[in-house]
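# Summary of structural features
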Amino acid sequence: MAAQTIPAQPFQQQLLGWYAHNHRPMPWRDTQNPYSIWLAEIMLQQTTVAAVIPYYRRFLAAFPTVQTLAAAPIEQILHLWAGLGYYRRAHLLHKCAQTIAGKHHGHFPSTEAELLQLPGLGPYTAAVIAATAFNQPATVVDGNVERVITRLYTINAPLPKSKPLIRQKAALLSPLQPTTYNLQPRLYANAIMELGATICTPQNPKCLLCPVQQFCAAHAAGNPAAYPVKAAKKALPQRSATAYAITDSSGNLYLRQRPATGLLASLWELPHTGNWEAHQPPAIPLTQQTPAGEITHTFTHFKLTLNLIRATTPHTLPAANAFAPSNLPPLSTLMKKALTRAFTP
DNA sequence: AACTCGGGGTC
DNA sequence: GACCCAGAGTT
């Protein structure tokens with residue numbers, strides 16, 4: 001079958017006409033402030049809009065400017081990020097804020113190439129900030145766009161090998177050249193992602209409501225949900241561990257901080273042993289140990305079963321590891337689940 | 001090119 | 001359960 005050609009301007013006008021009347025409100029769409037848009041886009045990496053909104057509001061309230069974020073202690077940033085996942089983003093967020101506040105004198109660069117140099121900004125984030133904060137022509141490719149493009153052109157090669165071809169096709173439809181009408185890159189970027197998120201969905205796409213259905217090869221073929229084709233993924237290994245919820249006579253809980261890199265970087269946790277990680281339990285005498293159930297948790301690349309033991313110690317916990325229940329340090333969702341389970345009768 | 005890195009919504 | 005999410009950094 002000959003590769004189909006989609007006329008860019010009719011496609012763009014159909015898409016933007018639809019977007020003008022159908023987009024969802026999002027707090028970061030009410031502004032063109034690069035700081036606000038950057039903050040939202042870092043949070044949105046592999047994270048749903050609904051999950052991001054409350055975190056975004058709390059961050060903007062705590063850190064209204066890039067300077068305030070740059071000057072904040074990393075502990076405060078981790079506290080506000082806890083629960084959102086992919087904690088490396090929190091460290092890179094801080095690093096990027098300090099780069100902007102210092103090297104860039106408090107102002108975000110406005111070109112895609114300069115943005116790409118900043119910590120935590122890859123091809124997607126650099127393009128979307130250039131397009132939405134600075135209204136610069138840029139080809140924005142996220143998971144939504146990959147789905148829309150592979151359907152429009154029935155791209156049968158599997159991801160990720162097909163990424164270069166997807167980008168090439170996406171660029172053909174993006175506002176990279178001047179148009180005979182005023183096509184704003186800011187609106188186009190939001191519109192094609194909104195189409196993917198609400199119409200061109202992974203399952204049961206709403207082709208009946210699609211403003212660009214007439215251009216779509218997958219719709220014509222009757223199998224839009226078959227796209228994008230992806231490489232097969234392997235089964236997740238199973239790991240397990242036993243975690244100890246140790247309290248002393250004053251009710252303080254023993255927690256320790258994880259390393260600054262790797263899984264759940266810099267967050268705090270219950271001490272644990274087992275084949276999850278090569279850790280030792282703390283050398284603390286325990287006067288009472290009570291089995292307290294187990295929880296399971298699925299990470300991106302393994303499944304974890306965590307057996308829980310509730311225990312007490314006659315000693316006073318080391319000050320660096322002792323936390324009152326009302327004043328806990330940053331904890332992952334896994335460890336919050338573990339604590340809830342350990343202390344629920 | 002393959003692997004690492006969370007947690008939650010959807011079906 | 002499987003899939004996906006406004007992906008980036010490391011090896």
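Keep in mind that this is a model prediction, so the values were computed, not measured.

Reading the values: the criteria
- Residues numbered from 1 in each chain as written.
- Chains lettered and ligands numbered in written order.
- Predicted model: local features only at pLDDT ≥ 70, side-chain atom pairs only at ≥ 80, totals over all residues.
- Heavy atoms only, no water.
- Domains from an automatic or database assignment.
- Contact = heavy atoms within 4.5 Å.
- Buried area = accessible area lost by both parts, 1.4 Å probe.
- Salt bridge = Lys/Arg side-chain N within 4 Å of Asp/Glu carboxyl O.
- Polar contact = N/O pair within 3.5 Å; in protein donor to acceptor, adjacent residues only side chain to side chain.
- Helix = DSSP H or I, 4+ residues; strand = E, 2+ residues; numbered from the N terminus.
- Pairing = 2+ DSSP bridges.
- Near = heavy atom within 4 Å.
- Nonpolar A, V, L, I, M, F, W, Y, C, P; charged D, E, K, R; others polar.
- Axes fitted to C-alpha atoms, helices over the stretch in contact; angles between N-to-C directions.
- Parallel < 35°, antiparallel > 145°, perpendicular 65-115°, else oblique.
- Left-handed = near helix turned anticlockwise from the far one by under 90°.
- Core = buried A, V, L, I, M, F, W, Y, C linked by side-chain atoms within 4.5 Å.
- Buried < 20%, exposed > 50% of the residue type's maximum accessible area, 1.4 Å probe, protein only.

The assigned domain composition of chain A is domain 1 (8-226) and domain 2 (238-342). Here the C-alpha centroids of domain 1 and domain 2 sit 37 Å apart. The partner domain 2 presents 13 residues to the 8 residues of domain 1 that form the contact. Between domain 1 and domain 2, roughly 710 Å² of surface is buried when both sides are summed, and carbon and sulfur atoms account for 63% of that area. Counting the surface domain 1 buries against domain 2, the share from its top three residues, Leu78, His79 and Tyr87, is 56%. Inspection of the region where domain 1 meets domain 2 yields 0 salt bridges. The tally of links from domain 1 across to domain 2 stands at 2 residue pairs in polar contact (both at pLDDT 80 or more). By residue number, the principal contributor to the side of domain 1 that touches domain 2 is helix α5 (residues 74-81), which donates 3 residues.

The sheet contact formed by strand β1 (residues 238-247) and strand β7 (residues 303-312) spans 10 bridges and is parallel. Looking across to β7, one finds that Thr242 is bridged to Asn307. Across 9 bridges, the pairing between strand β6 (residues 288-298) and β7 is antiparallel. Note that in β7 the partner of Gln289 across the bridge is Ala311.

Next up on the list: the protein's contact with DNA strand C. Of all residues adjacent to DNA strand C, which total 27 residues, the nearest are Gly120, Gly122, Thr125, Asp142 and Arg147. For DNA strand C, the fraction of protein-proximal atoms (within 4 Å) that sit in sugar or phosphate groups is 61%. Residue Gly122 places a main-chain N or O atom 2.9 Å away from a phosphate oxygen belonging to DNA strand C. Within the contact set of DNA strand C, a phosphate oxygen lies 2.8 Å away from a side-chain nitrogen or oxygen of Thr125. For the surface near DNA strand C, the elements supplying multiple residues, two or more each, are α6 (88-101), α8 (123-134) and α9 (143-152). In terms of residue class, the surface near DNA strand C is built from 12 nonpolar, 9 polar and 6 charged.

Our next topic: the packing of helix α2 (residues 34-43) against helix α3 (residues 49-62). Packing of α2 against α3 brings their axes to within 10 Å, and their N-to-C directions diverge by 140°. By the angle class used here, α2 and α3 are oblique. Seen along the crossing, α2 lies across α3 with a hand that is right-handed. Facing α2, whose interface residues are Tyr35, Ser36, Leu39, Ala40 and Met43, α3 presents Val52, Tyr55, Tyr56, Phe59 and Leu60.

Inspection of the region around DNA strand B gives 21 residues, with Gln46, Thr47, Tyr87, Leu264 and Thr333 positioned closest. Looking at DNA strand B alone, sugar and phosphate atoms form 63% of those within 4 Å of the protein. With respect to DNA strand B, the backbone of Leu263 contributes an N or O atom lying 3.3 Å from a phosphate oxygen. Here the surface near DNA strand B is built from residues that sort into 7 nonpolar, 12 polar and 2 charged.

All right, on to the nonpolar core then. One finds Leu15, Trp38, Leu152, Leu270 and Leu306 to be the most contacted residues of the largest nonpolar core, which totals 100 residues. The greatest single-element share of this core, amounting to 8 residues, is contributed by α8. Both domain 1 (8-226) and domain 2 (238-342) contribute no fewer than three residues apiece to this core. With sequence-adjacent residues up to four places away left out, Trp38 is seen in contact with Leu69, Leu93, Cys96, Ala97, Phe108, Leu121 and Ile129. In this structure, Tyr244, Ile246, Ile284 and Leu317 belong to the second largest nonpolar core, which totals 7 residues.

Considering the arrangement of structural elements, one finds Leu208 in the loop between α11 (185-198) and α12 (217-221). Residue Leu208 is classed as exposed on the basis of its relative accessible area, which comes to 80%. For the pair Leu208 and Pro137, spaced 71 residues apart in sequence, the C-alpha to C-alpha distance is 30 Å.

Moving on, we get to the pairing of β1. Bridge analysis of β1 against strand β5 (residues 272-274) gives 3 bridges, and the strand direction is antiparallel. Its bridge partner lying in β5, Thr242 is registered against Thr273.

Inspection of every chain in the model, using the stated rule, returns 6 salt bridges. Notably, a salt bridge pairs Arg258 with Glu269, separated by 2.7 Å at the nearest N-O pair. One end of the pair, Arg258, is in the loop between β3 (256-257) and β4 (268-269); the other, Glu269, is in strand β4, and 11 residues separate them in sequence. Each member of the pair Arg258 and Glu269 is classed as buried.

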